[in-house]
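Descriptive structure summary
Residue-level listing of the chains:
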Amino acid sequence: MERFVETRREFLRTAGLATGALLLSPKHLFAAETEPAADYTVRIKVAPIEIAPNQILSTVTYNGQFPGPLIRFQQGREAIVDIFNDTDTPEQLHWHGQIVSTDVDGAAEEGTPYIPAHGRRRISFTPNPAGLRFYHTHNRAGADLSAGQYGGQVGPVYIEPNENPGRYDREVFLLLKEFEPTLSRGGDMPQDFVSPSVTDTALKETGEAAMKASLVKGMPHGYEVGYRFFTINGRMLGHGEPVRVKQGDRVLFHILNGSATEIRSLALPGHSFQVIALDGNPVPNPAHVPVLWFGTAERISAIVKMNHPGVWIMGDLADDDRRHGMGIVVEYAGRSGKPQWATPPPFRWSYTRFAKPHASVPAPDETFDMTFAKDNAAEEGFNRWTINGAAYPMSNEMAPASFHLKQGKRYRLRMRNASDDIHPVHLHRHSFELTNLAGEKTAGVMKDVVMLGGYQQCEIDFVADNPGLTLFHCHQQLHMDFGFMALFDYV
Ligand SMILES: [Cu+2]
């Protein structure tokens, strides 16, 4: 991986040395001034990736590798990124979780220009906020399972904080991702891990009435996506480099669910995770948990004290997914043998565990009510998704904004899920605070994706502090591609 600081200094040094010569050539000097070297270069290209010995896939990648290169920025220091697109399809590269302008963000719906096919786009921005972010394509895939985030266009971003990042011996980045998607009718997303588990009777009645109506029409189930291969850092379990540790190490894991559609879990037998950040943002209460759960696009930074020597499988709780690759070996120095797995005791995941106890949040200036609903199999066999009755046009384009913001005001989104599916809901270009989960008040947890369980409700608050069109959507690719999106604008 390139370290941009060196690259840039080197460039300036070279440019400085060359100044005398360039005086003879004003045109050359001008070119150097208008086009400094990029801090990072990302190249979108189709490439083979080997996820296990002789298991080679061909997919769209960043820089010919999967995951895309880890991009490290320094908080608050402007960076220049060149994005080359070597494919035949115009592309959008989204800087997930960053507070950037619509010109940079990477969403056509907000008006970000495309990176032209076989072209280049240069962007510059000030990376913010600190912590674990990521970059991924924001192209619509629709029914095309080789497009969008089904392919290999996902890479981690780490924005170095200006303040002390914490005490640990080493840092390990893990990116969870499935390959070879196929469509099926049915398939269940796990959600019995969600806490609080309270569902709303009225939402349930709405959802069940919709299901009855579609059963009458003979089309109760839209397509769902399943996968053949499961990987961590682009390798199936047992086929990548193990995470090598020593007894007593404090290892800081930065883990990212890069899936297009799946909810993931992760456990390391005999160890606990001290969660220090969610979606890159430090949590008020860094609690210990035996299992991590990630909605699509969610990130967790957690410290593991290595105090249980052995050779272990750090893997997904779903046996089938783990057997098909969703895991990585953690190996203590001096230990060998077959990696061991043990199912952790029953555990429910709640964001409130990491919240500020007994804290309250300021009242919002305005509350937007949103109801999410599913029209079963209504869109050429795919489920159509609506927010307050409207599906976003299925075109990868701008549409009129549904919600209007005034700069500086605090807003609350009261989200009600009238479907039985779980939704990892994402707001672009802003961070939000979790303020109510299924009736339970909470405060202090800042995120950019929140999982909303079937027939549940939750509330998130955010300050309108980054003017411009702002996309809001479910991060499950099938859901966002079939209507589950809306725009906010500033008025
Ligand atoms: Cu969804």
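See the structure printed just above.
To start, this report covers the structure provided alongside it.

With that settled, consider the coordination of the copper ion. Within the protein, His 423 (ND1), Cys 474 (SG) and His 479 (ND1) serve as the donor atoms for the copper ion, at 1.9 to 2.1 Å. We note that the donor set of the copper ion lies within a single chain, spaced as H-x50-C-x4-H.

Quick look at the side chain of His 428 now. If you trace the backbone, His 428 turns up in the loop between strand E25 (423-427) and strand E26 (432-437). Given the relative accessible area of 0%, His 428 is considered buried. For His 428, the side chain forms a polar contact with the side chain of His 138, separated by 3.1 Å. What His 428 contacts, discounting residues up to four positions off in sequence, is His 94, Asp 105, Ala 107, Glu 110, His 138, Thr 470, Leu 471 and His 473.

This part takes up helix H4 (residues 201-216). Given 3.6 residues to a turn, an α-helix orients residues that are three or four positions apart in the same direction. Taking 1.5 Å per residue as the helical rise, H4 with its 16 residues ought to reach 22 Å, and the 23 Å between its terminal C-alpha atoms agrees with that figure. Looking at the buried positions of H4, the neighbouring elements they touch are strand E21 (366-379) and strand E24 (410-417). Two or three places before Ala 202, at the start of H4, stands the capping residue Asp 200, its side-chain oxygen 3.0 Å from that residue's backbone nitrogen. With its phi angle positive at about 80°, Gly 218 sits one or two positions after the end of H4.

Following the criterion strictly, the structure yields 32 salt bridges and no others. Here Arg 120 ties to Asp 82 by a salt bridge, and the two come within 3.4 Å at their closest N and O atoms. In this pair, Arg 120 sits in strand E6 (residues 119-125) while Asp 82 sits in strand E4 (residues 79-85), placing the two residues 38 residues apart along the sequence. The exposure class of Asp 82 is buried, given its relative accessible area of 6%. We note a salt bridge from Arg 429 to Glu 110, for which the minimum N-O separation is 4.0 Å.

Our next topic: the nonpolar core. Taken as a class, soluble globular proteins show a tendency for nonpolar side chains to be buried jointly. Judged by nonpolar contacts, the single largest core of 86 residues is most densely connected at Phe 253, Met 314, Trp 349, Met 415, Val 450, Phe 472 and Phe 488. Apart from residues lying up to four places away in sequence, Met 415 is in contact with Met 370, Phe 372, Val 425, Val 450, Leu 452, Gln 456, Gln 457, Cys 458, Ile 460 and Phe 472. Within the second largest apolar cluster, 20 residues are counted, among which are Tyr 40, Val 60, Ile 123 and Phe 125.

A word on the environment of Pro 309. With respect to the secondary-structure elements, Pro 309 resides in the loop between strand E18 (299-305) and strand E19 (311-315). Distance in space between the C-alpha atoms of Pro 309 and Tyr 455 is 42 Å, their sequence separation being 146 residues.

Our next topic: the sheet that holds strand E7 (residues 131-137). Ordered in space as E3-E8-E7-E5, the four strands form an open sheet in which the pairing is mixed. Each edge of the open sheet is held by one strand with a lone partner, namely strand E3 (71-74) and strand E5 (93-96). On average, each strand axis in the sheet is inclined to that of its neighbour by 25°, with strand direction left out of account. In terms of strand pairing, E3 meets strand E8 (residues 154-160) through four bridges, oriented parallel. Residue pairing across strands places Arg 72 opposite Tyr 158, the latter belonging to E8.

Further remarks concern the sheet that holds E6. Two modes of strand pairing occur in sheets, parallel and antiparallel, and in both the strands are linked by backbone hydrogen bonds. Judged by pairing direction, the sheet is mixed, and its four strands sit side by side in the order E2-E1-E4-E6 without closing on themselves. The strands lining the two open edges of the sheet, one partner per strand, are strand E2 (55-62) and E6. Between one strand axis and the next, the sheet turns by 30° as a mean value, whatever way the strands run. In the sheet, strand E1 (residues 40-52) pairs with E4 via five bridges, with the strands oriented parallel.

It is worth spelling out the state of the cysteines at this point. A complete count under the given rule lists zero disulfides for this structure. The thiol of Cys 458 is not disulfide-bonded; the next cysteine sulfur, from Cys 474, is found 12 Å away. Residue Cys 458 is classed as buried on the basis of its relative accessible area, which comes to 2%.

This brings us to the environment of Val 100. Note that Val 100 resides in the loop between E5 and helix H3 (102-105). For the pair Val 100 and Pro 129, spaced 29 residues apart in the sequence, the C-alpha separation amounts to 9.7 Å. Each residue touching Val 100, except ones within four places of it in the same chain, is listed here: Asp 105, Phe 125, Arg 429 and Asn 466.

Moving on, we get to unusual backbone geometry. With an omega of -5°, the peptide bond running from Phe 66 to Pro 67 counts as cis. Looking at the secondary structure, you find Pro 67 in the loop between E2 and E3. The backbone of Ala 297 shows a phi angle near 80°, a positive value even though the residue is not glycine. Among the structural elements, Ala 297 can be located in the loop between strand E17 (291-294) and E18. Of note, the phi angle at Asn 388 is positive, near 50°, even though the residue is not glycine.

Moving on: the pairing of strand E12 (residues 250-257). Counting buried residues along E12, eight of its eight residues qualify, which places the element largely inside the surrounding structure. Burial along E12 is two-sided: the residues Arg 250, Leu 252, His 254 and Leu 256 and Val 251, Phe 253, Ile 255 and Asn 257 are all buried. With seven bridges joining them, strand E9 (residues 170-185) and E12 adopt parallel strand pairing. Each residue of the ladder has a partner; that of Leu 174, found in E12, is Ile 255. Bridge count between E12 and E18: seven bridges; the pairing is antiparallel. Across the sheet, His 254 pairs through a bridge with Ser 301, a residue of E18.

What counts and how
- Residues numbered from 1 in each chain as written.
- Predicted model: local features only at pLDDT ≥ 70, side-chain atom pairs only at ≥ 80, totals over all residues.
- Heavy atoms only, no water.
- Donors = N, O, S within 2.8 Å, 3.2 Å for Na, K, Ca; no water.
- Helix = DSSP H or I, 4+ residues; strand = E, 2+ residues; numbered from the N terminus.
- Buried < 20%, exposed > 50% of the residue type's maximum accessible area, 1.4 Å probe, protein only.
- Polar contact = N/O pair within 3.5 Å; in protein donor to acceptor, adjacent residues only side chain to side chain.
- Contact = heavy atoms within 4.5 Å.
- Expected span 1.5 Å × (residues − 1).
- Salt bridge = Lys/Arg side-chain N within 4 Å of Asp/Glu carboxyl O.
- Core = buried A, V, L, I, M, F, W, Y, C linked by side-chain atoms within 4.5 Å.
- Pairing = 2+ DSSP bridges.
- Axes fitted to C-alpha atoms, helices over the stretch in contact; angles between N-to-C directions.
- Disulfide = S-S within 2.5 Å.

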